[in-house]
Amino acid sequence: MAAIMLLFGVTNGIKMAMLASLIMGGWSLWWIAKVLDLKPVTRLWVSALAVVGGHMAGSLYSGDVGIVFSTAATSLTIAPALALGLYGRRRDAILFGLMLAQAILAGQGYLQLALFSCVIPAMLIFGMNRYLQVTKIWKEIALAIVIAVLIASVVLIPWFTFGSQISRPTEPRSDQPMEYMPMNLLIRDMNFFLEESLEKIAAPNLYVMYIGWIPILLAIAAWRIVPQEKLRLYLFFIASIALIFFLGCGSPLRWAKDFLPGFLRDIRNPNF
């Protein structure tokens, strides 16, 4: 975001950031579909679904372009992560490291926290073969993380050095119980998000992530039709999605509050 603002100014920079977010969001799903070796029509469909999805458009209700940009940037890490888990190639590790770096540099912190505490741990599924033997993928994952940290150190070092001195608002908390959060994938009535039902606050930008019934039904149906050799792939998606919802409800952050560093203790909007 900072680079775009410097290049194009504030007004045009915001427009460029939004355009870049839509491109990155669509590209991320197209890339995932390509890694999964899906047909061109399917790739285009999922790309279009990403561009119009509520997970990106919802944040614009209050003008949170930075969140939209960060969402799109972190989405780009999933495809190389899948490729690395499936094939374990060095080039996939390098691509994964580069995408991790640009995700860190995209800023905001919410999406990056989910990425490193939910998606990367879900890659444990690829770390064992069917005989529960450790695979060589760990070396490649470590390489990817090293590449990402080295590139993003220009932001990470100052942040870890001075982050504890930055004060930020911690109220009102936007936590929503985990059992209600998946419903936001199906609700498209904006009036619902403007009221405080189902233990949320009246802030649509924190909760809107509508994608509709079709992709959810397809995801459920996949459990019965996924080939045996691709079961780990399906479990990766299930594990990462479940962990993200669990983190997003705020419960693990509250439980571990006494053990967390200062910048993680009072996260105001874990829903992001």
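Anyway, here's the lowdown on the structure attached to this text. On a predicted model such as this, the values are computed, not experimentally measured, just so you know.

About the criteria used
- Residues numbered from 1 in each chain as written.
- Predicted model: local features only at pLDDT ≥ 70, side-chain atom pairs only at ≥ 80, totals over all residues.
- Heavy atoms only, no water.
- Phe/Tyr/Trp six-rings, centres within 6.5 Å; stacked < 30°, edge-to-face > 60°.
- Helix = DSSP H or I, 4+ residues; strand = E, 2+ residues; numbered from the N terminus.
- 1 Å grid on protein atoms, 1.4 Å probe; cavity = no way out; pocket = protein on both sides within 12 Å on 5 of 7 lines; lining within 4 Å.
- Points joined across faces, edges and corners; volume = space filled by probe spheres on them.
- Expected span 1.5 Å × (residues − 1).
- Buried < 20%, exposed > 50% of the residue type's maximum accessible area, 1.4 Å probe, protein only.
- Salt bridge = Lys/Arg side-chain N within 4 Å of Asp/Glu carboxyl O.
- Patch = residues over 30% accessible without salt bridge, like charges linked within 9 Å, V, L, I, M, F, W, Y side chains within 5 Å.
- Areas by Shrake-Rupley, 256 points an atom, 1.4 Å probe, with all protein chains shown as cover.
- Core = buried A, V, L, I, M, F, W, Y, C linked by side-chain atoms within 4.5 Å.
- Contact = heavy atoms within 4.5 Å.
- Axes fitted to C-alpha atoms, helices over the stretch in contact; angles between N-to-C directions.
- Parallel < 35°, antiparallel > 145°, perpendicular 65-115°, else oblique.
- Left-handed = near helix turned anticlockwise from the far one by under 90°.
- Nonpolar A, V, L, I, M, F, W, Y, C, P; charged D, E, K, R; others polar.

1. Some details on the packing of aromatic side chains
Each aromatic ring pair is summarised here by two numbers: the centre-to-centre distance and the angle between the ring planes.
Move 1: All chains considered together, the criterion is met by eight aromatic pairs.
Move 2: Between Tyr 110 and Phe 272 the ring centres are 5.3 Å apart and the planes differ by 55°, which places this aromatic pair in the tilted class. In this pair, Tyr 110 is assigned in helix α8 (residues 110–122) and Phe 272 in the segment after α15 (262–265), connecting sequence segments 162 residues apart.
Move 3: With a centroid separation of 5.6 Å and an interplanar angle of 65°, the aromatic rings of Phe 236 and Phe 237 are classed as edge-to-face.

2. With respect to the layout of surface pockets
Move 1: Approximately 950 Å³ is the volume found for the second largest pocket.
Move 2: Around the second largest pocket sit 28 residues that line it, and Gln 108, Gly 109, Tyr 110, Gln 112 and Trp 159 are the ones nearest its centre.
Move 3: Ranked by residue count, the leading element in the lining of the second largest pocket is helix α9 (residues 137–162), at six residues.

3. Some points on helix α2 (residues 10–35)
Since there are 3.6 residues in each turn of an α-helix, residues three or four apart along the chain are aligned in direction.
Move 1: Spanning 26 residues, α2 covers 36 Å between terminal C-alpha atoms, matching the ideal 38 Å at 1.5 Å per step.
Move 2: What α2 keeps buried is the set Gly 13, Ala 17, Met 18, Ser 21, Met 24, Gly 25, Gly 26, Ser 28, Trp 31, Ile 32, Ala 33 and Val 35.
Move 3: Two residues or fewer after α2 comes Asp 37, characterised by a positive phi angle close to 60°.

4. Overview of the pattern of salt bridges
In a structure, side chains of opposite charge can pair up when their charged atoms sit close to one another.
Move 1: In the structure shown here, the tally under the stated rule is three salt bridges.
Move 2: The partner of Asp 92 in a salt bridge is Arg 89, and the shortest N-O contact between them spans 2.7 Å.
Move 3: Between Arg 254 and Asp 175 there is a salt bridge, with its nearest N and O atoms 2.4 Å apart. Taken as a pair, Arg 254 in helix α14 (residues 251–255) and Asp 175 in the loop between α9 and α10 (190–193) lie far apart in primary sequence, 79 residues in all.

5. A few points about a nonpolar patch on the surface
Move 1: Residues Ile 94, Leu 95, Leu 98, Leu 105, Ile 151, Val 154, Val 155, Trp 159 and Phe 160 make up a contiguous nonpolar surface patch of about 770 Å² in total accessible area.
Move 2: Looking at the nonpolar patch, the elements with two or more residues in it are α7 (90–105) and α9.
Move 3: In this structure, Leu 105 sits in helix α7.
Move 4: Exposure remark for Leu 105: the relative accessible area of 38% places this residue in the partly exposed category.

6. Some thoughts on the nonpolar core
Move 1: Counting residues in each nonpolar core, the largest one holds 43 residues, and the members touching the most others are Leu 82, Leu 84, Phe 96, Met 123, Phe 126 and Phe 236.
Move 2: Breaking this core down by element, the ones donating at least two residues are α2, α5 (65–75), α6 (78–87), α7, α8, α9 and α13 (231–248).
Move 3: If you tally residues by element for this core, the top one is α7, at seven residues.
Move 4: The contacts of Phe 96, once residues within four sequence positions are left out, are Thr 77, Pro 80, Ala 81, Leu 84, Ile 120, Met 123 and Ala 144.

7. Quick notes on the side chain of Gln 112
Move 1: Take Gln 112: it is sitting in helix α8.
Move 2: Take Gln 112: its relative accessible area is 9%, and that puts it in the buried class.

8. Quick look at the packing of α6 against α7
Move 1: Remark: α6 packs on α7, axes separated minimally by 8 Å, with the N-to-C direction vectors making an angle of 155°. Classified by the interaxial angle, the pair formed by α6 and α7 is roughly antiparallel. Every pair of crossing elements has a handedness; the one defined by α6 and α7 is left-handed. On α7, the residues that touch Pro 80, Ala 81, Ala 83, Leu 84 and Tyr 87 of α6 are Asp 92, Ala 93, Leu 95, Phe 96 and Met 99.
Move 2: When grouped by side-chain class, the residues that make up the contact of α6 with α7 number nine nonpolar, no polar and one charged.

9. Notes on unusual backbone geometry
Move 1: Of note in the backbone geometry, Asp 37 takes a positive phi value of approximately 60° without being a glycine.
Move 2: You can call Asp 37 exposed: its relative accessible area is 61%.
Move 3: Notably, Gln 108 is not glycine yet its phi reads approximately 90°, a positive angle.
Move 4: Topologically, Gln 108 is positioned in the loop between α7 and α8.
Move 5: Among the residues examined, Gln 108 registers a relative accessible area of 46% and is labelled partly exposed.

10. Let's talk about the packing of α2 against helix α3 (residues 40–52)
Move 1: Across the interface, α2 lies against α3 with an axial gap of 8 Å and an inter-helix angle of 145°. Judged by the sense of rotation from one axis to the other, the crossing of α2 with α3 is right-handed. Contacts between α2 and α3 involve Leu 22, Gly 25, Gly 26, Leu 29, Trp 30, Ala 33 and Lys 34 from the first element and Arg 43, Val 46, Ser 47, Ala 50 and Val 51 from the second.

11. Considering the environment of Leu 156
Move 1: Looking at the secondary structure, you find Leu 156 in helix α9.
Move 2: By relative accessible area, Leu 156 is classed as buried at 18%.
Move 3: When the C-alpha atoms of Leu 156 and Leu 105 are compared, they prove to be 8.8 Å apart, with 51 residues separating the residues in sequence.

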